[in-house]
Amino acid sequence: KAGVTQTPRYLIKTRGQQVTLSCSPISGHRSVSWYQQTPGQGLQFLFEYFSETQRNKGNFPGRFSGRQFSNSRSEMNVSTLELGDSALYLCASSRGDANSPLHFGNGTRLTVT
Amino acid sequence: DQQVKQNSPSLSVQEGRISILNCDYTNSMFDYFLWYKKYPAEGPTFLISISSIKDKNEDGRFTVFLNKSAKHLSLHIVPSQPGDSAVYFCAASPPGANNLFFGTGTRLTVIP
């Protein structure tokens with residue numbers, strides 16, 4: 001069974017630009033979550049999508065947004081990039097019911113200069 | 001405010017011995033707990049989980065213990081192998097939700 005696939009693996013952007021990251025979940029998984037990992041803050045929850053609807057949201061500004069398509073694939077968008085947005089962005093998929101483990105992709109490393 | 005804490009940033013263990021990784025949490029509403037292993041340049045890999053109705057769950061060399069009254073969980077790896085060297089994260093989830101709160105990780109080094 002193929003795992004969670006994230007593209008691209010690496011991205012370099014400049015301040016003020018916007019970026020879109022993509023995630024393909026494990027086949028059959030209907031929930032996709034996004035996390036940000038930084039050395040200072042660790043792994044932090046951004047949002048979760050289930051059946052094309054945002055079901056849960058973390059404490060991030062509105063510049064961070066996402067969506068999910070009917071095939072469960074998801075995209076995350078960050079607008080007006082700031083230097084502090086440099087991080088590893090991880091996507092995770094699961095069946096979506098409570099107490100089902102999240103399975104992570106290898107992430108997209110975003111560098112903002 | 002860090003709701004899940006891993007107070008030991010690193011741990012070194014001899015091959016063949018037991019590795020014990022610890023995790024504390026502050027939110028008594030958490031009802032599902034997980035351990036992940038992470039290698040450099042890869043995403044976290046799910047290892048083992050436990051629901052709050054249990055106090056122990058075992059899977060091969062990995063056992064997770066949950067002490068709800070102390071708000072503490074631990075991961076035991078027996079016997080430890082050099083391939084276990086990685087960063088280990090504990091995570092917790094509130095009831096009915098799918099979002100995880102992660103600890104800051106413990107780097108385990110297993111010495112051959």
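Since the structure is predicted, the reported quantities are computational estimates derived from the model, not experimental observations.

To continue, consider the state of the cysteines. Residue and element names in this part refer to chain A. A full pass over the atoms with the stated rule returns 2 disulfides over all chains. Paired by a disulfide, C23 and C91 hold their sulfur atoms 1.8 Å apart. An S-S torsion of about -60° defines the bridge between C23 and C91 as left-handed. On the criterion of sequence distance, the pair formed by C23 in strand 3 (residues 19-24) and C91 in strand 9 (residues 87-94) is long-range, its members being 68 residues apart. With a relative accessible area of 0%, C23 lands in the buried category.

Residue and element names in this part refer to chain B. Checked against the element boundaries, L47 lands in strand 5 (residues 45-51). The class for L47 is buried, based on a relative accessible area of 14%. Along the backbone, L47 and H72 are 25 residues apart, and their C-alpha atoms lie at a distance of 18 Å. Leaving out residues up to four positions away in the same chain, L47 has contacts with W35, Y36, K37, D59, F62, L75 and Y88.

In this section: the sheet that holds strand 7 (residues 64-68) of chain A. Residues and elements named next belong to chain A. Here 4 strands make up an open sheet; going across it, the order is 1-3-8-7 and the pairing antiparallel. In this open sheet, the two edge strands, each paired with only one partner strand, are strand 1 (5-7) and strand 7. With direction set aside, neighbouring strand axes in the sheet form an average angle of 20°. Of the strand pairs in this sheet, strand 1 and strand 3 are connected by 3 bridges, and their pairing is antiparallel. Bridge pairing in strand 3 links T7 to S22.

The rules behind the values
Residues numbered from 1 in each chain as written. Chains lettered and ligands numbered in written order. Predicted model: local features only at pLDDT ≥ 70, side-chain atom pairs only at ≥ 80, totals over all residues. Heavy atoms only, no water. Disulfide = S-S within 2.5 Å. Helix = DSSP H or I, 4+ residues; strand = E, 2+ residues; numbered from the N terminus. Buried < 20%, exposed > 50% of the residue type's maximum accessible area, 1.4 Å probe, protein only. Contact = heavy atoms within 4.5 Å. Pairing = 2+ DSSP bridges. Axes fitted to C-alpha atoms, helices over the stretch in contact; angles between N-to-C directions.

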